[in-house]
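Tertiary structure, described
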Number of protein chains: 2
Amino acid sequence: MPAINPARLLADLHALRAIGAYKTGVHRPTYGTDDVKSRHWLAGKLTEAGLTATIDGIGNVIGHDPSPGRKLLLGSHLETQNHAGWLDGAMGVIFALEVARTLGQGIDVAGWADEEGHFGSFLGSRSYAGLLPEAEIDGCKSVDDGTPLRIALANAGFAGKPRLTADPARYRGYLEAHIEQGATLEDAGQKIGIVTAIVGSHRFRIVFEGQQNHAGTTRMAVRRDAGVALIKLAAAIEDRFPEIVGPRTVWTTGRITLDPGAPSIVPGKAEMLFQFRDTDPAMLRMLEQAVEALVARANEGPCRVTIAHIGRSIPRQMDEGFQAALERAAERHAPGSHQRMPSGAGHDAQILAEKMPSGMLFVPSINGISHHYSEDTHEADLVLGCQVFADAAADILAAS
Amino acid sequence: MPAINPARLLADLHALRAIGAYKTGVHRPTYGTDDVKSRHWLAGKLTEAGLTATIDGIGNVIGHDPSPGRKLLLGSHLETQNHAGWLDGAMGVIFALEVARTLGQGIDVAGWADEEGHFGSFLGSRSYAGLLPEAEIDGCKSVDDGTPLRIALANAGFAGKPRLTADPARYRGYLEAHIEQGATLEDAGQKIGIVTAIVGSHRFRIVFEGQQNHAGTTRMAVRRDAGVALIKLAAAIEDRFPEIVGPRTVWTTGRITLDPGAPSIVPGKAEMLFQFRDTDPAMLRMLEQAVEALVARANEGPCRVTIAHIGRSIPRQMDEGFQAALERAAERHAPGSHQRMPSGAGHDAQILAEKMPSGMLFVPSINGISHHYSEDTHEADLVLGCQVFADAAADILAAS
């Protein structure tokens, strides 16, 4: 099997890390100055590697192998969460670049746009999979500052460019490498994770409407305190969920806002962002009903409580043949130090899986930390992961 | 008894309302452009009324009656809460101006600075009462944007001016008129409230420290979710307080912040602003112990929870003779339509009460609404309230 070039791999990871560096991590939100810079940088690297590089109308960077024959598509996303880690997304992009260089042919490389959801839901991979209508682009806005996506694309210099879409006949499938972003591998002393399925998630905005008033003069009996209604519902979820969830279910209240948020004012409005994830569609349906039942009970109080879905993804199985190829490669380079596992995080692979066989490889995250600037992975694990990834890609191409 | 001029009173209330108008309310935070404008406007009005007007080094507008003899000090605060009502503070200032004009002599008028706490705690009235050290001014910052108070004073044009302080020998006492900001008077069909005491309050910042992480990949068992710790403590307070509070106790969580506040990130830090109020010092002490016990229990969980006092005021009794004077005046103009009541809100009168006999009069708030731009009071109630206020002031001066 062909050997990757570890020095070249690490040099490119660090070159990309320098674009938008923040403490030991990176701040590179989609379509911001540093994100745009990183996309042009990648296009240059793909060209150097002999691929035909394009930055398309949604900001995807695609490197097409000009040689004949079916290809394997490798990639991940280039942007980061705000003030977050240097490997989330970036590692998979550089692994793809390194494997394309190592194998010499048969590999297309993708640097997807906005997997992290600064403007929408998996905009880049959905665009390439032919699953992103123009009308949806019209409606997207920055979750950070409300900038319309069309304006952001124009500012980035991507407006008016055609969007590339995958020709399914071109591809043998899609492989993505990613940091685990959890501590399952580290806790088990493993070096490689082979993803069996990607969890589905339900994401909600729950809004509470009461009556804003003075916190000193408004007697408790007549208050309609939207903040108290929120606290009670959030606590009811924390009480109820442990009784009904599955062993791998996770749930999170990531944001709470009280309006106006002043110390001496009874909040008249409140809002929470809530989500849960599981690989079992039946579990997801059951949890959704449980949340709706708790919201119905909350509506018996003095405030009006409404719940809206703001995102939903269904669990996706990874291709069995790709899992076997990744497992053989892992066993060759790290015998006994690999395991199959579900992905608790969403990934572009769950989008590509709608159009072609897909697979994913995980490397360990130190202390399981991700979505934080201290996110990291040992260099030896990065090099090993990329070599296993390269072997599996070569194996899949050889079998085509 | 001398009659006030209702048309002049209402015209001045509306002239002041126009400075910083926001919807049907006012946005006039302390030391902002409109607040400064309103202070110069008041100084002009006081001069017209024959008083010696000064804007001092903390922004207080003081009108001194140049005639000999002991004075009664009347006033309230000029600034508003953010995007809030037109009468909170402003009404008491204009009542004071109108009574000074009506009585002709014996009245000093004060337009206090920052009762609403944009930069500190009762800065203006504490300064005039001789209770605000220079070192405290050095440490104050805007709660909205962090601007140091010294910079705000310089921008307002007040830096370097001397601060006036009350000569206790000059004053017979202090009277303040204010909207009730609750619905006690309206619900009882009353027109005038005579304040018996002003509640004390304890205000806290409670901080929760956990571990920020990815909301999809971090198993529930290993999470240290600062948001969940906050939700559980806030819910425990809502469970416990109704069992132990007094009949007039109020408590409020006015602000909750999860950090970083992203939908797919387990919050690593969280913060809540919590307060409670009562007229009974023993009740305040007992509630403080109850909150500290709940915080201690919260610390048995996976997050570190710390509580800090950010403000404390003690309950203040209003002068019995002033209450009697207000009651006589109310009975003259609104027989049977007045009642004695505690104030659930803090007021400058609680500061002046440390240095001189003090009293307060309330007029009804429509629907009990305050700290919101829809705050309002019927015109007839404003005129009646000012006349009662003038009678009581004349009565107190005559008895001196």
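Residues numbered from 1 in each chain as written. Chains lettered and ligands numbered in written order. Predicted model: local features only at pLDDT ≥ 70, side-chain atom pairs only at ≥ 80, totals over all residues.

1. Topic: the domain arrangement of chain A
Often, the extent of an interface is quoted as the loss of accessible area on bringing the components together. Residue and element names in this part refer to chain A. Once the domains are mapped, chain A shows domain 1 (6–199 + 316–399) and domain 2 (200–313). Placing the centre of domain 1 and that of domain 2 at their C-alpha centroids yields a distance of 34 Å. With 7 residues of domain 1 at the contact, the number on the domain 2 side is 9 residues. Of the residues that constitute the side of domain 1 that touches domain 2, the class distribution is 3 nonpolar, 4 polar and no charged. (Domains from an automatic or database assignment. Contact = placed C-beta atoms within 7 Å. Nonpolar A, V, L, I, M, F, W, Y, C, P; charged D, E, K, R; others polar.)

2. Observations concerning the relation of the copies chain B and chain A
Superposing chain B onto chain A takes a rotation of 180 degrees plus a shift of 0.0 Å along the axis, which leaves an RMSD of 0.0 Å. Interpreted geometrically, this transformation is the action of a two-fold axis. (Least-squares fit on C-alpha atoms with pLDDT ≥ 70 in both.)

3. Notes on the environment of B:Arg316
When you line up the elements, B:Arg316 lands in strand 15 (residues 316–317). Taking C-alpha positions, B:Arg316 is 5.8 Å from B:Gln350, a pair spaced 34 residues apart along the chain. (Helix = DSSP H or I, 4+ residues; strand = E, 2+ residues; numbered from the N terminus.)

4. Some points on unusual backbone geometry
All names here are of chain A. With an omega dihedral of 10 degrees, the bond running from aspartate 259 to proline 260 counts as a cis peptide bond. A positive phi angle, near 50 degrees, is found at lysine 23, a position not held by glycine. Residue placement: lysine 23 occurs in the loop between strand 1 (21–22) and strand 2 (25–26). Under the C-beta neighbour-count criterion, lysine 23 is labelled exposed, with 10 such atoms within 10 Å. Unlike most non-glycine residues, asparagine 367 shows phi in positive territory, near 60 degrees. The residue asparagine 367 is located in the loop between strand 17 (358–363) and helix 12 (379–399) in this model. (Buried ≥ 20, exposed ≤ 12 C-beta atoms within 10 Å, placed from the backbone.)

5. Digging into the interface of chain B and chain A
The partner chain A presents 50 residues to the 50 residues of chain B that form the contact. Within the residue set of the side of chain B that touches chain A, elements represented by two or more residues are strand 10 (213–214), helix 8 (226–244), strand 11 (250–259), strand 12 (265–266) and strand 13 (269–278) of chain B. Split by residue class, the side of chain B that touches chain A holds 21 nonpolar, 22 polar and 7 charged.

6. Examining the pairing of strand 9 (residues 200–209) of chain A
Residues and elements named next belong to chain A. In terms of residue burial, strand 9 counts as a mostly covered element, since 7 of its 10 residues are buried. Relative to strand 13 (residues 269–278), strand 9 runs antiparallel, the two being bridged by 10 bridges. When the bridges of strand 13 are listed, arginine 203 appears paired with glutamine 275. Both strand 9 and strand 14 (residues 304–313) contribute to a ladder of 9 bridges, which runs antiparallel. Counted as the bridge partner of glutamate 209 is arginine 304 from strand 14. (Pairing = 2+ DSSP bridges.)

7. With respect to the packing of helix 3 (residues 90–103) of chain B against helix 12 (residues 379–399) of chain B
Residue and element names in this part refer to chain B. Taken N-terminus to C-terminus, the directions of helix 3 and helix 12 make an angle of 55 degrees; their axes are 10 Å apart at the nearest point. The orientation of helix 3 relative to helix 12 falls into the category oblique. For helix 3 against helix 12, the interelement crossing comes out right-handed. Touching Met91, Phe95, Glu98, Val99, Thr102 and Leu103 of helix 3 are Leu382, Cys386, Phe389, Ala390, Ala393 and Ala394, all from helix 12. Residues that form the contact of helix 3 with helix 12 fall into these classes: 10 nonpolar, 1 polar and 1 charged. (Axes fitted to C-alpha atoms, helices over the stretch in contact; angles between N-to-C directions. Parallel < 35°, antiparallel > 145°, perpendicular 65-115°, else oblique. Left-handed = near helix turned anticlockwise from the far one by under 90°.)

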